[in-house]
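In case you want the letters, here they are:
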Protein chains: 2
Amino acid sequence: MSETHESPRLFLRLTFGEGHKFGPGKAELLERIDRTGSISGAGREMNMSYKRAWSLVEEMNALFREPLIESSRGGAGGGGARLTQAGAAALAAYRALEITARTAGDDQIAVFRSLMRDMSGGK
Amino acid sequence: MSETHESPRLFLRLTFGEGHKFGPGKAELLERIDRTGSISGAGREMNMSYKRAWSLVEEMNALFREPLIESSRGGAGGGGARLTQAGAAALAAYRALEITARTAGDDQIAVFRSLMRDMSGGK
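A quick note: this is a predicted structure, and the numbers were derived from the prediction, not measured. (Residues numbered from 1 in each chain as written. Chains lettered and ligands numbered in written order. Predicted model: local features only at pLDDT ≥ 70, side-chain atom pairs only at ≥ 80, totals over all residues. Heavy atoms only, no water.)

Participant: What's the story with the interface of chain B and chain A in this structure? I'm lost.
Facilitator: A common way to express how large an interface is: the accessible area buried when the components associate. Contacts between the two partners involve 41 residues from chain B, matched on the other side by 41 residues from chain A. Across the chain B/chain A interface, buried area totals approximately 3800 Å², and carbon plus sulfur atoms make up 67% of it. When residues of chain B are sorted by the area they lose upon contact with chain A, R65, F112 and L115 of chain B head the list and together hold 18% of the total. Taken together, chain B and chain A are joined by zero salt bridges. Inspection of the chain B/chain A interface yields 18 residue pairs in polar contact (both at pLDDT 80 or more). Put simply, the parts of the chain that give the side of chain B that touches chain A at least two residues each are β1 (9-16), β2 (20-22), α3 (50-63), α4 (85-104) and α5 (106-115) of chain B. Counting residues per element, the side of chain B that touches chain A draws most heavily on α4 of chain B, at ten residues. For the side of chain B that touches chain A, the class distribution of residues is 25 nonpolar, ten polar and six charged. By the bridge criterion, seven bridges tie strand β1 (residues 9-16) of chain A to β1 of chain B in an arrangement that is antiparallel. Bridge pairing in β1 of chain B places T15 of chain A opposite R9 of chain B. (Contact = heavy atoms within 4.5 Å. Buried area = accessible area lost by both parts, 1.4 Å probe. Salt bridge = Lys/Arg side-chain N within 4 Å of Asp/Glu carboxyl O. Polar contact = N/O pair within 3.5 Å; in protein donor to acceptor, adjacent residues only side chain to side chain. Helix = DSSP H or I, 4+ residues; strand = E, 2+ residues; numbered from the N terminus. Nonpolar A, V, L, I, M, F, W, Y, C, P; charged D, E, K, R; others polar. Pairing = 2+ DSSP bridges.)

Spelled out as structure tokens, the structure:
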């Protein structure tokens, strides 16, 4: 019946000196690259330009000890991309952090939610 | 010595159907309104236009059962603003959620951090 404010979603963003960030957008991009095998394909699914998707990949690869994404441009198959072991590990740690934070913060989220208007009924 | 990636900061954003959000920016605005007693003053501290600060305040007030900010425009003292009890409660719940998430997620943040390059030494 009333979906609107029933279950707030919690998004996390990690920031590291110098303005580096890792949050929902990069995590989603990694997941979509993993599934589609393509940086531009993953970006397209997120309504992101080719340039933007590549720039995020380059930013991530520079931020970690090992690149998170391995890609081959062009070639017979038109190039392709896949997550490295480090990419899978970073994504897993981020998703685990989300679940942990959500679970631990459940009571506080409920308090926050209780202060909010229920908009679903137009009240 | 190496500050850059020593301690990632964790930022949280709660989202509620229909694109409503509450995150670091609104929390900071509430805090600054509480301290300065002024919406435009708080916005100015955050390099935010008068219009933007007011629009965020209106958005927050509409989202909660009770307004989070009470304001009087103009008048002898030039108007002023203060957090309501609901405003203080929402801010407190958000800050408590941050601490809870950060504490609970400490291990996962450390895993994430361990995958990252140490940029402080130029390595």
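Alright, that's what it looks like, and here's the rest.
Participant: How should I be thinking about the pattern of salt bridges in this particular structure?
Facilitator: Side-chain pairs of opposite charge can arise where the charged atoms are in close proximity. Scanning all chains against the criterion turns up 14 salt bridges over all chains. Salt-bridge contacts for E59 of chain B lead to K26 of chain B; the nearest nitrogen and oxygen are separated by 2.7 Å. With E59 of chain B in helix α3 and K26 of chain B in helix α1 (residues 24-36), this pair connects stretches of sequence that are 33 residues apart. For E59 of chain B, a relative accessible area of 27% puts it in the partly exposed group. Here R95 of chain B makes a salt bridge to E98 of chain B, at a shortest N to O gap of 2.9 Å. Separated by three residues within a single helix, R95 of chain B and E98 of chain B lie in helix α4, roughly one turn from each other. On the basis of relative accessibility, which here comes to 23%, the residue R95 of chain B falls in the partly exposed class. A cluster of three or more residues bridged by salt bridges with shared partners is formed by E28, R32, R35 and E45 of chain A. (Buried < 20%, exposed > 50% of the residue type's maximum accessible area, 1.4 Å probe, protein only.)

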